[in-house]
Amino acid sequence: MLDHGTLLVRGAADAADDPTRSVIQPIYPSTTYARDDAHELPRFRDRTLCYARPDNPSVRACERTLRDLERGSDCALFSSGMAAVNAVLEGAVRGTSDASSFACSPSRGYFAVRARIREWCAARGVEVVEYDPDVPGRKAALVWVESPANPTWDVMDLEQVVAVARACDAGCVCVDSTVLTPICTKPLSFGVDVVMHSATKYLNGHGDVVAGALVTRECDDRWQRILHERKLGGATMGSMDAYLLSRGMRTLELRVRRQSESAMWIAHEFEQYLRSRIPHGAIVLYPGLQTDTTVESKNAHYDIVNRMCPNGVCDYWTCATSLGGFESLIEHRYSVECAPGEKEPHVPGGLLRLSVGLETKEDLLAGLKRGFDIALMDVVGASVAT
Ligand SMILES: *Cc1c(COP(=O)(O)O)cnc(C)c1O
């Protein structure tokens, strides 16, 4: 099996069977494909081409690269990460014959996915159990895992989740691996059934495509139901987006490597800085740090972090939703996800989510420190004045 770097480069340049011998995979905008004199449909690589909703060579080229990166049996791309989540619910939960089946969803994780699982199951009378942190040992149609969980980055032991799920004969273990990418972890190698990505984030990495992906360990009946759902549900990716995604993925390994190194360094340095400025309870949550603290869901430091967000306060950080792009982003997730005054918010009010980009790490740290100092001065100033 090829190494990441080689796979990413060769996968994207795999156009040897194109009649023009283009080194770069062509973009195929056509929505349909002509039959020959014998009324046969054309074949291209591993696909018969009939109509572009289920079959498009540009999309397929990108799927093959991601399938190989995750060491899976097949990959399907979707028009968004959420469309991929829907397809898993349709394929794994609706497809079960067990009427009493239920789904497990982590109590921390990407809010839209958790909301979707709850809504979808409620409409179909399927019970949902939210777990934190241990997966309940009951037979579930679907065990949804997100590790590290966005935006608190709680890490789960995939091997253990799979062991518990197998012991109680769970139907499908699906891991949202958006944050780690196949460069950092390959969930299928832990026995997980399906890996999901919001390809909008690190996989594309350039902030110009909304896309989702599923990679399966086996091409079983569930996978056929998932493909069927994409075909009839119509959550297809277009050829232009597939081209941009293929292009973005060529640098995936370089980007993830640099972003992880910068993030680790900034997390460590900024935590030291925070401790020197406000010793009571300011922490940085990053899976690589030894921070032995759980996040409190109270609003400690709410005023400070809220003042760091407006654009222009932290130099080199853009206040915007999303993560995993080449540019560094900062966001107060509480303001985005939670209703004002919510009693038990699932995201701490004092939490800032940072997505470290490709800028020089020293600049990013300087921007954060300065933004923090400005915010602290504002808050201290305000409390002195009142
Ligand atoms: C963004 C995101 C999603 C949703 O993906 P879209 O491409 O926005 O539809 C799902 N899971 C995680 C962890 C995400 O960050």
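Residues numbered from 1 in each chain as written. Predicted model: local features only at pLDDT ≥ 70, side-chain atom pairs only at ≥ 80, totals over all residues. Heavy atoms only, no water.

### Side note on the nonpolar core
The nonpolar side chains of a soluble globular protein tend to be buried with one another.
Stage number 1. Formed by 27 residues in total, the largest nonpolar core has its most connected members in F78, V88, L142, W144, C174 and L214.
Stage number 2. Among the elements of the structure, β3 (74-78), α3 (81-94), α4 (111-123), β6 (142-146), β7 (172-176), β8 (194-198) and α7 (221-233) are those that each provide at least two residues to this core.
Stage number 3. In terms of residue count, α3 provides more of this core than any other element does, eight residues in total.
Stage number 4. Once residues lying within four places of it in the same chain are set aside, the contact partners of W144 are V85, V88, C104, S105, P106, V113, I117, Y131, C174, D176 and M196. (Core = buried A, V, L, I, M, F, W, Y, C linked by side-chain atoms within 4.5 Å. Buried < 20%, exposed > 50% of the residue type's maximum accessible area, 1.4 Å probe, protein only. Helix = DSSP H or I, 4+ residues; strand = E, 2+ residues; numbered from the N terminus. Contact = heavy atoms within 4.5 Å.)

### Examining the packing of aromatic side chains
Stage number 1. Across all of its chains, the model carries six aromatic pairs by this definition.
Stage number 2. Taken together, a centroid distance of 6.5 Å and an interplanar angle of 20° make the contact between F270 and Y273 stacked. Here F270 pairs with Y273, and both are found in helix α9 (residues 252-277), just three residues apart, close to one helical turn.
Stage number 3. Residue classification places F270 among the buried residues on the basis of a relative accessible area of 8%.
Stage number 4. Between F270 and F372, the aromatic rings sit 6.2 Å apart at their centres with planes inclined by 90°, giving edge-to-face as the arrangement. (Phe/Tyr/Trp six-rings, centres within 6.5 Å; stacked < 30°, edge-to-face > 60°.)

### Things to note about empty space enclosed by the protein
Stage number 1. Inspection of every chain in the model, using the stated rule, returns five cavities of 30 Å³ or more.
Stage number 2. For the largest cavity, the calculated volume is near 60 Å³.
Stage number 3. What lines the largest cavity is simply R47, A52, R53, P54, D55, N56, V59, R60, E63, R230, T236 and M237.
Stage number 4. Among the elements that make up the lining of the largest cavity, the one with the highest residue count is helix α2 (residues 57-69) (three residues).
Stage number 5. The class makeup of the residues in the lining of the largest cavity is four nonpolar, two polar and six charged. (1 Å grid on protein atoms, 1.4 Å probe; cavity = no way out; pocket = protein on both sides within 12 Å on 5 of 7 lines; lining within 4 Å. Points joined across faces, edges and corners; volume = space filled by probe spheres on them. Nonpolar A, V, L, I, M, F, W, Y, C, P; charged D, E, K, R; others polar.)

### Some details on the site of the ligand
Stage number 1. In the vicinity of the ligand, 14 residues are found, and the nearest of them are M82, D176, S198, T200 and K201.
Stage number 2. M82 is positioned such that a nitrogen or oxygen atom in its backbone is 2.9 Å from an oxygen atom of the ligand.
Stage number 3. Within the side chain of S198, an N or O atom sits 2.8 Å from an oxygen atom of the ligand.
Stage number 4. Within the complex, 92% of the 380 Å² of free accessible area of the ligand lies under protein. (Near = heavy atom within 4 Å. Polar contact = N/O pair within 3.5 Å; in protein donor to acceptor, adjacent residues only side chain to side chain. Areas by Shrake-Rupley, 256 points an atom, 1.4 Å probe, with all protein chains shown as cover.)

### Overview of the side chain of S58
Stage number 1. Positionally, S58 belongs in helix α2.
Stage number 2. Assessed through its relative accessible area of 3%, S58 is described here as buried.
Stage number 3. Side-chain polar atoms of S58 contact the backbone oxygen of P26, separated by 3.4 Å.
Stage number 4. Not counting residues up to four positions away in its chain, the partners in contact with S58 are Q25, P26, I27, Y28, S239 and A242.

### What about the packing of α3 against α4?
Stage number 1. Following both chains from N to C, one finds α3 and α4 inclined at 35°, their axes separated by 11 Å at the closest point. Between α3 and α4 the crossing geometry is right-handed. Contacts from M82, V85, N86, L89, E90, V93 and R94 in α3 reach A112, V113, R116, I117 and W120 in α4.
Stage number 2. Looking at the contact of α3 with α4 residue by residue, the classes come out as eight nonpolar, one polar and three charged. (Axes fitted to C-alpha atoms, helices over the stretch in contact; angles between N-to-C directions. Left-handed = near helix turned anticlockwise from the far one by under 90°.)

### A word on the state of the cysteines
Stage number 1. The tally for this structure, following the rule as stated, stands at zero disulfides.
Stage number 2. The closest cysteine sulfur to the non-disulfide-bonded C309 is located on C319, 4.6 Å from its own sulfur.
Stage number 3. Looking at C314, it has no disulfide partner, and the nearest cysteine sulfur is the one in C309, 7.6 Å off. (Disulfide = S-S within 2.5 Å.)

### Digging into the sheet that holds strand β11 (residues 329-331)
Stage number 1. Strands sit in the order β10-β11-β12 across an open sheet of three strands; the sheet is mixed. Pairing within the sheet leaves two strands with one partner each, and these edge strands are β10 (318-319) and β12 (353-355).
Stage number 2. In this structure, β10 lies alongside β11, joined through two bridges in parallel fashion. Within the sheet, the bridge partner assigned to T318 lies in β11 and is L329. (Pairing = 2+ DSSP bridges.)

### So, the environment of F190
Stage number 1. Turning to its location among the elements, F190 is positioned in the loop between α6 (181-184) and β8.
Stage number 2. Under the relative-accessibility criterion, F190 is labelled partly exposed at 34%.
Stage number 3. Measuring from C-alpha to C-alpha, the distance between F190 and E159 comes to 5.5 Å, with 31 residues separating the pair along the chain.
Stage number 4. When residues no more than four places from it in sequence are discounted, the contact partners of F190 are L158, E159, V162 and T185.

### A short note on the domain arrangement of the protein
Stage number 1. For the protein, the assigned domains are domain 1 (4-250) and domain 2 (252-385).
Stage number 2. Summing the contributions of domain 1 and of domain 2, the shared interface buries around 2100 Å²; its carbon and sulfur component is 66%.
Stage number 3. Of all residues in domain 1, P151, W153 and Y202 give up the largest surface area on contact with domain 2, accounting jointly for 28% of the area buried on that side.
Stage number 4. Taken together, the links from domain 1 to domain 2 amount to eight residue pairs in polar contact (both at pLDDT 80 or more).
Stage number 5. Within the residue set of the side of domain 1 that touches domain 2, elements represented by two or more residues are α1 (4-12), α4, α6 and α8 (239-249).
Stage number 6. The residue makeup of the side of domain 1 that touches domain 2, split by class, is 12 nonpolar, nine polar and four charged. (Domains from an automatic or database assignment. Buried area = accessible area lost by both parts, 1.4 Å probe.)

### Some words on the packing of α3 against α7
Stage number 1. Relative orientation of the contacting elements α3 and α7 amounts to 135°, with a least axis distance of 8 Å. Taken as axis vectors, α3 and α7 run oblique relative to one another. At the point where α3 passes α7, the crossing takes the right-handed sense. For the pair formed by α3 and α7, the contact residues are A87, V88, E90, G91 and A92 on the first element and R222, R225, I226 and E229 on the second.
Stage number 2. Per-class residue counts for the contact of α3 with α7 are four nonpolar, one polar and four charged. (Parallel < 35°, antiparallel > 145°, perpendicular 65-115°, else oblique.)

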